[in-house]
Every structure is written in structure tokens, then in C-alpha cells.
Amino acid sequence: MDLREKIRNVPNFPQQGIQFKDITTLLKDGKAFRTAIDLLATPYKEQNIDIVVGPEARGFAVGAPVAYVLDAGFVPIRKPGKLPAATISYQYSLEYGKDALEIHKDAIEPGSRVLIVDDLLATGGTTMATVKMVEQLGGKVVGLAFLIELTCLNGRQGLAGYDITALIQY
Ligand code: AMP
């Protein structure tokens, strides 16, 4: 199956000049969705992953089923003010804009083996913020897994030393 065919490119969304990679067209296709989740999880099946961490919102749609397949827990990363209990936060820059992310303080047991999953790696800002928070809580980042990587934005460069899986590259 060609997963690339299932991704819709939307020019100039959410602002001029951005080629938005829309994964809703992949998610709504049962076979493509299952294939993508299995391909993301497979490299980590023997890695004793305790927790999959996914940033909102598309990191939930992709990360939670990967956690299920790996028999791991799922921990959400959210925009400020959304998580109800005590949090830590981290400021980061996006391909389009700046933001902060939060994680519950008690979400990761020190020494946990963590896989970070998101739909797309662009500049790597979101992922680096997530890595920093996981590590601050004492988690060990075992891998970073994405459906899509925009290679021209060099997100990998800032994430050197981490194991990265990307199913589709543009
Ligand atoms: P970055 O922090 O620059 O690596 O951006 C990654 C995050 O922003 C991911 O959570 C994506 O969902 C979203 N994102 C960034 N650029 C795009 C794009 N061109 N198409 C779709 N989503 C994007």
C-alpha cells in the first residue's frame, strides 16, 4: 500500500506558503490507518516501551493506537491550560509560530522507556520540547516516530543522537 497517496496536500493552510500535509484522508481509510500504525510500532516491538507520548492533537490520533499495539501506556502533551493536574511546560517554535507545551508532572516514572509519536516532523521544535519534558521527568527517550518528515526543514539535525522513524518523506 502506498501511504503517500493517502495524504492530502493543502497549499497555503493555515497561512500563505505552508504546504499542509493533511492526514485525515489517511486516518479515515481503515486499511491505510492500520498499515501506518503497524509500520510505526514494528521497529519498537522488542524495545520494552513503557509509555508512548503524543502531542495534541494529531499526536493523539497516531500515538494512542501505537501505544495499544506496543502494550504501552499513552501520555498526552497539551497546549497550556488544558491539562487538569500539576504540569511542567516548555516553550518552542513551530514552522508557523511559537507556542508552549505541557505534560503532567506525574506522567512519567523515572527510568521509563518512552517512544514519542507525532504525525509530522517539520522543524523539530515540537518534538524537542517533548523530549526535554520527558527527560526532565526522568524518562529515557528510546525513539521518535512520525508518519511524515519534511526533510527540507532539517528537523533531524536538532534531534541528532535519537532514533528516528519516518514512514513518508517529502
Ligand atoms: P515542528 O515543531 O516544526 O516539527 O512541527 C511539527 C508539528 O506541527 C506537528 O505536530 C505537525 O502536526 C504540525 N505541522 C508543522 N508543519 C506542518 C505541515 N506542513 N503540515 C501539517 N502539519 C504540520
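Read on for a plain summary of the structure.

Reading the values: the criteria
- Residues numbered from 1 in each chain as written.
- Predicted model: local features only at pLDDT ≥ 70, side-chain atom pairs only at ≥ 80, totals over all residues.
- Heavy atoms only, no water.
- Helix = DSSP H or I, 4+ residues; strand = E, 2+ residues; numbered from the N terminus.
- Expected span 1.5 Å × (residues − 1).
- Buried < 20%, exposed > 50% of the residue type's maximum accessible area, 1.4 Å probe, protein only.
- Salt bridge = Lys/Arg side-chain N within 4 Å of Asp/Glu carboxyl O.
- Pairing = 2+ DSSP bridges.
- Axes fitted to C-alpha atoms, helices over the stretch in contact; angles between N-to-C directions.
- Contact = heavy atoms within 4.5 Å.

**Quick word on unusual backbone geometry**
Cis geometry is adopted by the peptide bond preceding P14, which originates at F13 and carries an omega value of 0°. With respect to the helices and strands, the residue P14 is situated in the loop between β1 (8–11) and β2 (19–22). Of note in the backbone geometry, N12 takes a positive phi value of approximately 60° without being a glycine. Assignment of secondary structure puts N12 in the loop between β1 and β2. Of note, the phi angle at N48 is positive, near 50°, even though the residue is not glycine.

**Focus on helix α4 (residues 125–136)**
Here α4 contains 12 residues, and its C-alpha end-to-end distance of 16 Å stays within 8% of the 16 Å for a straight helix at 1.5 Å per residue. Listed as buried for α4 are G125, T126, T127, A129, T130, V131, M133 and V134. Phi for G138, located one or two positions after α4, is positive at around 95°.

**Description of the pattern of salt bridges**
Applying the stated criterion across every chain, the model contains six salt bridges. Note that K6 is salt-bridged to D29, the shortest N-O span being 3.0 Å. Of this pair, K6 sits in the segment before β1 while D29 sits in the loop between α1 (24–27) and α2 (30–41), and the two are 23 residues apart along the sequence. With relative accessibility at 22%, the residue D29 sits in the partly exposed group. Here E56 ties to R78 by a salt bridge, and the two come within 2.9 Å at their closest N and O atoms. Pair noted here: E56 is in the loop between β3 (51–55) and α3 (58–69) and R78 is in the loop between β4 (73–77) and β5 (87–94), with a separation of 22 residues, a long-range link.

**Focus: the sheet that holds β3**
Spatially, the five strands line up as an open sheet ordered β4-β3-β7-β8-β9, and their pairing is parallel. Taken across any chain shown, the strands that pair with only one partner, and hence form the sheet edges, are β4 and β9 (164–169). Averaged over neighbouring strand pairs, the angle between their axes works out to 20° when direction is ignored. Two elements, β3 and β4, share five bridges in a ladder whose sense is parallel. If you follow P55 over to β4, its bridge partner there is I77. With respect to the sheet, α2 is in contact with β7 (113–121), β8 (140–149) and β9, its orientation differing from that of β8 by roughly 145°. Packed on one face of the sheet, α3 meets β3, β4, β7 and β8 and runs near 140° to β7.

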